[in-house]
Structure formats: structure tokens, C-alpha cells
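Structural overview
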Amino acid sequence: MDFGIKVGTPVKQRGDCIIMGVFESRKLTDPAKILDKATDEYISGILRQGDMEGKANTTLLLHNVPNTLCKRVLLIGLGKEQEFGDKAYLDAIRAAFNALHKTGSVDATFFLTDVPVKEKDDAWKISQAVIIGIQSIYRFDSLKSKSEENKPRLRKITLNIADNSQLGACKEAIQQGQAIAHGINVAKDLGNLAANVCTPTYLAKQAKNMAKTHKLKVSVLAQKDMEKLGMGALLSVAQGSRQPAKLIVAEYQGRAKMEKPVVLVGKGVTFDTGGISLKPAANMDEMKYDMCGAASVLGTLTAIAELKLPINIVGIIPATENMPDGNATKPGDVVTSMSGQTIEVLNTDAEGRLILCDALTYAERYKPDAVIDIATLTGACVIALGHVATGLISNNNELAQELLHAADDVNDRAWQMPLWDDYQDLLKSNFADMANIGGRAAGTITAGCFLSRFTKKYRWAHLDIAGTAWNSGKEKGSTGRPVPLLTQFLIARANAASE
Ligand code: BES
Ligand code: MN
Ligand code: ZN
């Protein structure tokens, strides 16, 4: 899908479809008013007949509108004008793409990106429209014997803006939107793959392939290497699996080598059965998504490399399965992490933190400016925040604020939870330095507390994406989150550093 920008009017606009907004009740947006006049009030006439109120998420498709040179005019309900904020705008853009795909249009011009949105500028409206547009044609059919029919035909999108004043920023916004959307697609594809395909070895291979197409340096540590490093926590998860664990390291260098990198650590459990602390059968298939943290790291690196951002980034992915087996770790086993701290594994289903803690210790060698880990870590996070916000925990408030800002900016929400010492006692073990679980209460926070014991040497933030990385039910599928959040965070950092 190609995107362009233009400053123009809908009058005499050629093409397959032009798209206009209508507020409640039957109030035309400025571009729609201009078109209405040119069509001798054809459009307002139809609204007066009662065909459209302008309610949010409604659409009306018109053909052969008099005095126009385009095949179709698509009207989108925007809801109440006083309430037209970011969510209403995004809903309208989504509704527009959905309706467009049902037509035979190959090209379309949007007169929605020029409608004022509370507290948002043109560049924001443009990049969000690009992301939604590309997402609307995402299909995952690589595991079907025949690719799906009814492939979207839409190819060329022109986004109209009200004036020239932000043209440069809008052009940049198209590129950023495209890069984020491509990163989302990479993360979605990896997440959606079945776990018999997407193994730790497969993830490593994909990372190696990425190194060929983008400017990345990728190395993969095998189990022997991890043994030498003393990664006893990570390996204790892998020991029940026939699939060998991998530690994937991908380096992107956009600045001088001496510049400290941002390190992204992504949980890559390619399937989580729970291990000996076996999970119940219902919906266990969804534990193929337990590598979505890893997928978001590879997706973000794709976006960053595409934008050639002036920043250094290291992606670290501990990848393994968590399986029950004669050789699997048992509840009560004590393992020694790379940091030297010992851990009593009271529940083998709390495996994410065990692989992350060694990866976080490994991250020290990059002398990071900041480390962010991304993990489908706790079911408790889904209970606390639902499927709307990613859970955020950090040992540095400035870093947390940066992430929260980026999250709001790209509508990939996150919400901070406390990392107070008061919670640390819940991890007490009678037999080791700590236990790997803290009981049912505050499950997301105690998981964060566990990780914080391995991140004392740098600024660190943890993103729990258990509720946001994929959708369940009829629309089951990976969301690609938090690629937008991470990419936006890194764009803002790169901008701040070069100012
Ligand atoms: N991968 C799961 C977390 C998860 C569960 C994400 C459900 C999304 C939906 C993680 O490895 C896990 O099993 N966590 C346990 C921790 C508990 C044993 C302390 C959980 O949340 O139940
Ligand atoms: Mn688990
Ligand atoms: Zn897990």
C-alpha cells in the first residue's frame, strides 16, 4: 500500500473513492461542506432523507455523485464534534478502511486527516492513518494450503491535510507510520506461527535472515555457550525440552560505537506448557504467543533499521520452550543464575522471569544507557489492566515517563505499577536467595520485583504485555504490540540526542 499527501479540495478530485466525515447530527465537516456545495447539496439532501446521522462507526457509500469526477464518495460518521478526540479519529479511520475494502476501489483520497482532532497535530493523524491502513490489509495465511481469496485491492492512499505548514513533518510521519506498521507485521507473523514451526532455532534463523536484509549484526549463543556463562536459570527452563535453547543477540548501530546502546530484552518462550506445574488444557494453544516479547524486539529492530535511526540498539532474546519431561525442573529445585544469586523454583510455570534474569545479567556487558524487557509475563497483568494497557515497572522514573509518553503518542497504552521495597519480602525463600513466585497477590509486581534484583546496575524498565500482545476468541491473533510504543520511544530518544 502506497501513501501520499496533498493539500487540496475534494472538488474535481478524480479517482476510485473520496472519503468524507459527517458529525452528529448530520453536520458536514469543512471538506464535506465544500463538496456538498459543488454537488448542489446532493450530499446534505441524502442526509436529510435520514440515510445517515453521523454516529460513530457508521458509513454510507454513494456512487455517481453529480458534478464529481470520482467513482465513489464514502461518508464516515464521526460522532459528536465536541467529543472528536484521538479515539474517535482512530475509529473513523478504521471504519473508513473497512468500508473501502468492501468496494472495488484501488485508490482512495482521505478528507479525514484534515479534520481537527483535539490535542493532536497533522503528523500524528498521518502516521496513525498509515499504521491503520497497513494493518487493515494484514493477513496470516502462510499455514493454509491455499492463500485466502478476496485479497484487498486497495493500493494507493492519498491523505489530505488542511495546509502546507506541517508538510515536512507529515512526509516524515508517513515513513514513520510505514516503518512501525512493517515492524508490527514482523511481530504479528512470528507470534501467529504455530509453536511446532516457531521454535527457538527458527527464531534464531529469522534473526539471522534479518541481518542480511537490514543493517544488523546477529549472533546466536547455543546451550554450551550459556553453560559456560553460568546461565543456570535460563537453562533450568530449557532442560525439559527437546528443542535446544538459544540466546539471540541482534545489534543495530546507528551512531558511533562508543555511544551507549538501549538494550531490548524479549521473552522468547516459544511454547509455555507450564512445565511440571502444568497449565490447564483450556486455551493452552495460546501459549504459542509466549514469545511475543521476542517478536516485538525483532519487529522494533526492523522498524528502526528501516528508518535508519541515529541510535545504538541491542536486542537480546532468550528463547526456549517450557515443557514437562523426565528431565524437567521440579518444584523446589534450586538453580543458580548467571548473577550468582540462587533461586528456588517453587512453580515451573513462572519460567519467564527465569530466562529473563540471565538475559538481563548478560545485558550488563553492553554498558547500556537503558534496558527495557518485554514479556508476556503474568496472567495477573491481564486481570489488572485487561487488554488495553501494557504493565510498566521501572527502577527509574525518568525512563518510565519517557515510555509512558511514547505510549500515549502512538496510542499503544501502558500504565505504571509500583516497585516499592514493601513487595520484595513476598519473594523470600527458606532455601535459596529468593523464590521465583510471590503468591497470588500482586502477581505482576512481584514478577517485576524478581527482575529488579538482576537490574541494579542500569536504568531499567519492564513491560508486561500478557494482556496486549494478542487477541483471543474469534479474532484470535497477534497484535504486534508494543512495537509502536518501543519504536516511538526510540524515535524520540534519537531526536533528543541529535538536538
Ligand atoms: N506466560 C505466562 C503468563 C501468561 C498467562 C500470559 C496467561 C498470558 C496469559 C507465564 O509464564 C506464567 O505462566 N505466569 C504465571 C506466573 C505464576 C505461576 C506466578 C501466571 O501468571 O499464572
Ligand atoms: Mn508460564
Ligand atoms: Zn510464560
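Conventions adopted
Residues numbered from 1 in each chain as written. Chains lettered and ligands numbered in written order. Predicted model: local features only at pLDDT ≥ 70, side-chain atom pairs only at ≥ 80, totals over all residues. Heavy atoms only, no water. Domains from an automatic or database assignment. Contact = heavy atoms within 4.5 Å. Buried area = accessible area lost by both parts, 1.4 Å probe. Donors = N, O, S within 2.8 Å, 3.2 Å for Na, K, Ca; no water. Tetrahedral: all angles 85-135°; square planar, octahedral: opposite > 155°, others 65-115°. Buried < 20%, exposed > 50% of the residue type's maximum accessible area, 1.4 Å probe, protein only. Axes fitted to C-alpha atoms, helices over the stretch in contact; angles between N-to-C directions. Helix = DSSP H or I, 4+ residues; strand = E, 2+ residues; numbered from the N terminus. Parallel < 35°, antiparallel > 145°, perpendicular 65-115°, else oblique. Left-handed = near helix turned anticlockwise from the far one by under 90°. Nonpolar A, V, L, I, M, F, W, Y, C, P; charged D, E, K, R; others polar.

1. Brief notes about the domain arrangement of the chain
- Examined at the domain level, the chain breaks down into domain 1 (2-162) and domain 2 (181-498).
- For domain 1 and domain 2, the distance between their C-alpha centroids amounts to 38 Å.
- Taken together, the twelve residues of domain 1 in the interface contact 15 residues of domain 2.
- Taken over both partners, the interface formed by domain 1 and domain 2 buries close to 1100 Å², and the fraction arising from carbon and sulfur atoms is 55%.
- Contact with domain 2 buries area across many residues of domain 1, yet Gln 135, Tyr 138 and Phe 140 alone supply 44% of it, more than any other trio.

2. Some remarks on the coordination of the manganese ion (ligand 2)
- On the protein side, the manganese ion (ligand 2) has Asp 272 (OD), Asp 349 (O), Asp 349 (OD) and Glu 351 (OE) as donor atoms, found 2.0 to 2.2 Å from it.
- For the manganese ion (ligand 2), the six donor atoms in the first shell make angles of 70 to 167 degrees at the metal, a pattern classed as irregular.
- In primary-sequence terms, the residues that donate to the manganese ion (ligand 2) follow D-x76-D-x1-E.
- A separation of 3.2 Å is found between the manganese ion (ligand 2) and the zinc ion (ligand 3), which share Asp 272 as a coordinating residue.
- Classification of Asp 349 by relative accessible area gives partly exposed; the value is 22%.

3. Details of the packing of helix 5 (residues 167-192) against helix 14 (residues 483-498)
- One can describe the packing of helix 5 onto helix 14 by two numbers: an axis separation of 9 Å at closest approach and a directional angle of 140 degrees. The angle between helix 5 and helix 14 falls in the class oblique. The chirality of how helix 5 crosses helix 14 is right-handed. Facing Gln 176, Ile 180, Gly 183, Ile 184 and Ala 187 of helix 5, the residues of helix 14 in contact are Val 483, Pro 484, Thr 487 and Ile 491.
- Per-class residue counts for the contact of helix 5 with helix 14 are six nonpolar, three polar and no charged.

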